[in-house]
Every structure is written in structure tokens, then in C-alpha cells.
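Breakdown of the fold
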Amino acid sequence: MRSLPLPLALTARLLPVAVLASAGWALTSGPFGATPTAEHKPTPKATDTASAPSTSAATKTYTASPAPCGGVPEATVKSLVPGAKTAGQEIASTDKSVRRTCSWNALKGFDYRWLDVSYEIKASDEAAQKSYKDRIADKSGGGAVPGLGDTAYSVVNLTTEDKQQTREGVVMARVSNALVVITYNGSDFETKKAPGTDEINKGAIKAAKDAVAALEKSQ
């Protein structure tokens with residue numbers, strides 16, 4: 001599922017709380033196939049010789065995504081998205097064996113928070129590694145997250161639209177042939193300021209650690 005440009009994504013995410021406009025608040029703004037095996041050509045002079053087993057087929061550690069709404073415990077949801085329903089809402093997917101996403105969002109007072117947990121299953125470790133590298137190349141300004149999956153990256157960005165700030169953190173982790181993608185953002189509609197970078201970054205990393213742990217336990 002391709003990410004929307006941030007202003008449009010934020011607008012979509014703020015639809016559940018658009019009713020605030022009736023109270024005088026205008027909410028202005030708000031991420032295969034297997035590698036072909038080598039052709040086997042018979043050796044004309046060889047007789048009664050057993051062929052060695054093929055090793056070219058990729059081994060998939062993960063064949064399906066875990067339930068994404070179970071990717072983070074209730075305590076994490078309550079901490080990162082105060083006021084949200086802890087059950088979350090799974091986003092419709094064309095193929096749940098390949099990608100599954102769950103979202104939580106809530107407005108408490110004037111503070112708005114949104115959390116996405118997404119699992120993507122690739123055909124091989126190599127395919128997951130390529131996708132991971134391509135994505136972090138498009139999100140400069142972040143840094144590595146040590147000790148999370150096989151490799152992980154975190155980046156936080158601030159946007160302002162009609163004087164309303166929104167700060168969004170994204171954490172991407174690769175675990176064998178699976179990708180775990182966390183999106184966490186927030187806004188304050190009273191001050192029009194965004195939460196601090198440290199708050200958003202630590203929150204996204206916390207959710208990513210929970211989601212990776214859930215993935216590993218699913219096997």
C-alpha cells in the first residue's frame with residue numbers, strides 16, 4: 001500500500017475527528033515470485049548418477065503476516081494513543097498473506113495521535129532487503145535502530161499546513177523475509193504545535209519493538 005503525501009495522509013487520518021469543526025475547530029490537515037531455478041541439462045555420458053538436490057529455491061522464514069492488531073499490547077496503545085480503542089482497526093488488504101495493517105487513532109482534548117502497525121511478507125530475505133534499502137533511501141535524515149530485527153531505521157519529520165504542525169515518526173525493520181513498518185504521528189489543535197521529536201521517535205521505536213516481537217512469536 002503506497003503511502004500518501006503527508007498532507008493528504010493527515011487529512012485522511014483526521015476524518016474521524018472532523019466533527020470538531022461544529023465546535024468552531026477547523027481541522028485543516030488532518031507503506032514475487034520465487035527465483036527461477038537453474039535449468040537442469042542432462043549429462044550425456046553420465047549414467048546411474050543421482051542429481052544433487054537443488055539449493056536455489058529461497059527459504060521463507062515467514063509465510064504469512066501475524067494479526068496486525070495484536071502486534072502491540074494494550075499497554076502500548078494506551079500509552080501512545082490515549083483514548084483509542086485498544087482493539088484497533090485492521091485496514092482492508094488485497095492479499096492478507098502479503099500485507100496486513102492495523103491502525104489506532106484518537107483525539108483526547110486537543111491532542112491527536114495516530115499509530116499504524118504494518119507487516120509485509122516478501123518472497124525471500126533478498127527481496128525484503130532490497131525493499132528495505134529502497135525505502136530508507138527515500139527517507140533521509142534518520143538513523144539506524146540497533147538491536148531491532150536484522151536491521152532497522154528510524155526517521156522523524158515535521159510538517160506545517162495552515163499553521164498546524166504535525167510530527168511523524170516512521171520505523172522500518174527487516175526480520176528475515178518480513179518487513180515491519182511503524183508510523184506514529186501527533187498534533188495539538190489548541191496550540192497548533194506538534195509533539196517533540198523525542199516523544200514521537202521513542203513512541204515509534206517502542207511500537208516497532210513490540211511488533212517485531214509479535215512477528216517472531218508467530219512462528
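It should be emphasised that the depicted structure is a prediction, and the values quoted were computed from it without experimental measurement. (Residues numbered from 1 in each chain as written. Predicted model: local features only at pLDDT ≥ 70, side-chain atom pairs only at ≥ 80, totals over all residues. Heavy atoms only, no water.)

**Examining the sheet that holds strand β6 (residues 164-175)**
Threshold: Two strands are counted as paired when DSSP detects at least two bridges linking them. Numbering of helices and strands runs from the N terminus, with a helix taken as a DSSP run of H or I at least four residues long and a strand as a DSSP run of E at least two residues long. Throughout, a residue-residue contact means that at least one pair of heavy atoms, one from each residue, lies within 4.5 Å. Each axis is a line fitted through C-alpha atoms, and for a helix only the stretch in contact is used; angles between axes span 0 to 180 degrees, taken between their N-to-C directions.
If you trace the seven strands from one edge of the open sheet to the other, you get β1-β2-β3-β7-β6-β5-β4, paired in antiparallel fashion. Either end of the sheet is taken by a strand with one partner, and the two such strands are β1 (89-91) and β4 (143-144). The pairing of strand β2 (residues 99-108) with strand β3 (residues 111-121) spans 10 bridges and is classified as antiparallel. Considered in β3, the bridge of W104 is made with L115. Together, β3, β5 (151-161), β6 and β7 (178-188) form the strand contacts of helix α3 (residues 125-137), whose direction differs from that of β6 by roughly 155 degrees. Where helix α4 (residues 197-217) meets the sheet, it contacts β3, β5, β6 and β7, and its direction lies at approximately 150 degrees from that of β7.

**Here we look at the nonpolar core**
Inclusion rule: Here, the term nonpolar core denotes a set of buried Ala, Val, Leu, Ile, Met, Phe, Trp, Tyr and Cys residues that are joined through side-chain atoms within 4.5 Å. To sort residues, take the accessible area from a 1.4 Å probe on protein chains only and compare it with the maximum for the residue type: under 20% means buried, over 50% means exposed, and anything in between is partly exposed.
Counting residues in each nonpolar core, the largest one holds 32 residues, and the members touching the most others are W104, L115, V117, L148, V180 and I182. For this core, the elements supplying multiple residues, two or more each, are α2 (74-80), β2, β3, β6, β7 and α4. Sequence-distant contacts of L115, defined by excluding residues within four places in its chain, comprise L80, V81, C102, S103, W104, I182, T183, Y184 and A207. Listed in part, the eight residues of the second largest apolar core include V155, V170, M172 and V181.

**Focus on the confidence of the model for the chain**
Defined as follows: Per residue, pLDDT measures the predictor's confidence, with a range of 0 to 100.
Mean pLDDT for the chain: 81, with 74% of residues reaching 70 or above. Taken as a whole, residues 1-10 scores under 50 in pLDDT and shows 13 contacts with residues more than four places along the chain or in a different chain. Note that pLDDT drops below 50 for residues 16-56; the model gives that stretch 42 contacts with residues more than four away or on any other chain.

**What to know about the state of the cysteines**
Applicable threshold: Any two cysteine sulfur atoms within 2.5 Å of one another count as a disulfide.
One pass over the full model with this rule turns up one disulfide. Paired by a disulfide, C69 and C102 hold their sulfur atoms 2.0 Å apart. The sign of the S-S torsion, about 95 degrees, decides the handedness of the disulfide formed by C69 and C102: right-handed. Here the residue C69 occupies a position in the loop between α1 (6-13) and α2, and C102 occupies one in strand β2, the gap between them amounting to 33 residues. Residue classification places C102 among the buried positions, given a relative accessible area of 0%.

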